[in-house]
Amino acid sequence: QVHLVESGGGLVQAGDSLTLTCEVSGPTFSRRVVGWFRQPPGKEREFVAGIDESGSTYYADSVKGRYTISRDNAKNTVNLQMNSLKPEDTAVYYCAARSLIYTVVLPTSTPYTYWGQGTQVTVSS
């Protein structure tokens, strides 16, 4: 079984930075596609960033240039570095992983089998 646990959320001011961490259980972590998603208040869950086995990264246009996703296979973690935060970045942030047979980052939530519980990020103006 695969378990994901997010940490690092909090309350920050506009322009600040924050780093989220997703810890993924299991010996096959280095082969997994992992994505970050967020759900703003009253809105649908949306793709933020993803990283594949080779380390290739993908971003939503809304965060490109401000967010950086990275993985540390030795620690079984995926980080999301968020800079120049805006009030519209306020959301519950989730990390998710795909089954091992899939090797491509996709920008929708359905292809991701395993999900964390989420961590709240609030950006005040």
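Draft legend 1. Quick peek at the overall build of the protein chain. When you go through the protein chain residue by residue, the secondary structure sums to zero helices and eleven strands. In the protein chain, the succession of helices and strands from N to C terminus is β-β-β-β-β-β-β-β-β-β-β. Taken over C-alpha atoms, the radius of gyration comes to 13 Å for the protein chain, in line with the 14 Å a tight globule of 125 residues would show. Each principal axis of the C-alpha distribution contributes one length, and for the protein chain these read about 40 × 25 × 25 Å. Per-residue burial over the protein chain gives 42% buried out of 125 residues. The long-range share in the protein chain, meaning contacts at least 24 apart out of those at least 6 apart in sequence, stands at 59%. Only carbon and sulfur atoms are counted for the fraction: they give 48% of the accessible area of the protein chain, which is about 6200 Å².

Draft legend 2. Here's a closer look at the sheet that holds strand E3 (residues 18-24). Strand order in the open sheet formed by four strands is E1-E3-E8-E7, with antiparallel pairing between adjacent strands. Looking at the sheet topology across the chains shown, the edges are occupied by strand E1 (4-7) and strand E7 (67-72). Averaged over neighbouring strand pairs, the angle between their axes works out to 15° when direction is ignored. Of the pairings in the sheet, the one linking E1 to E3 comprises four bridges and is antiparallel in character. Paired with Val5 across the two strands is Glu23, which belongs to E3.

Draft legend 3. Main features of the pairing of strand E4 (residues 34-39). Burial of E4 is extensive: five of the six residues sit out of reach of the surface. Relative to strand E5 (residues 46-51), E4 is paired through five bridges, and the arrangement is antiparallel. Bridging across to E5, Gly35 finds its partner in Gly50. Taken together, E4 and the strand that follows it, E5, pair antiparallel across an intervening segment of six residues, in which Gly42 is found at a positive phi of about 75°. Relative to strand E9 (residues 91-97), E4 is paired through six bridges, and the arrangement is antiparallel. Within E9, the residue paired with Gln39 across the bridge is Val92.

Draft legend 4. Spatial organisation of the environment of Gly42. Mapped onto the elements, Gly42 comes out in the loop between E4 and E5. By relative accessible area, Gly42 is classed as exposed at 90%.

Draft legend 5. Summary view of the pattern of salt bridges. Evaluation of the coordinates by the stated rule reveals four salt bridges. Between Lys64 and Asp61 there is a salt bridge, with its nearest N and O atoms 3.2 Å apart. No difference in accessibility class separates Lys64 from Asp61, as the two residues are exposed. For Arg66, the salt bridge goes to Asp89, with nearest N and O atoms at 2.8 Å.

Reading the values: rules and limits
Residues numbered from 1 in each chain as written. Predicted model: local features only at pLDDT ≥ 70, side-chain atom pairs only at ≥ 80, totals over all residues. Heavy atoms only, no water. Helix = DSSP H or I, 4+ residues; strand = E, 2+ residues; numbered from the N terminus. Rg over C-alpha atoms; globule rule 2.2 N^0.38 Å. Buried < 20%, exposed > 50% of the residue type's maximum accessible area, 1.4 Å probe, protein only. Contact = heavy atoms within 4.5 Å. Areas by Shrake-Rupley, 256 points an atom, 1.4 Å probe, with all protein chains shown as cover. Pairing = 2+ DSSP bridges. Axes fitted to C-alpha atoms, helices over the stretch in contact; angles between N-to-C directions. Salt bridge = Lys/Arg side-chain N within 4 Å of Asp/Glu carboxyl O.

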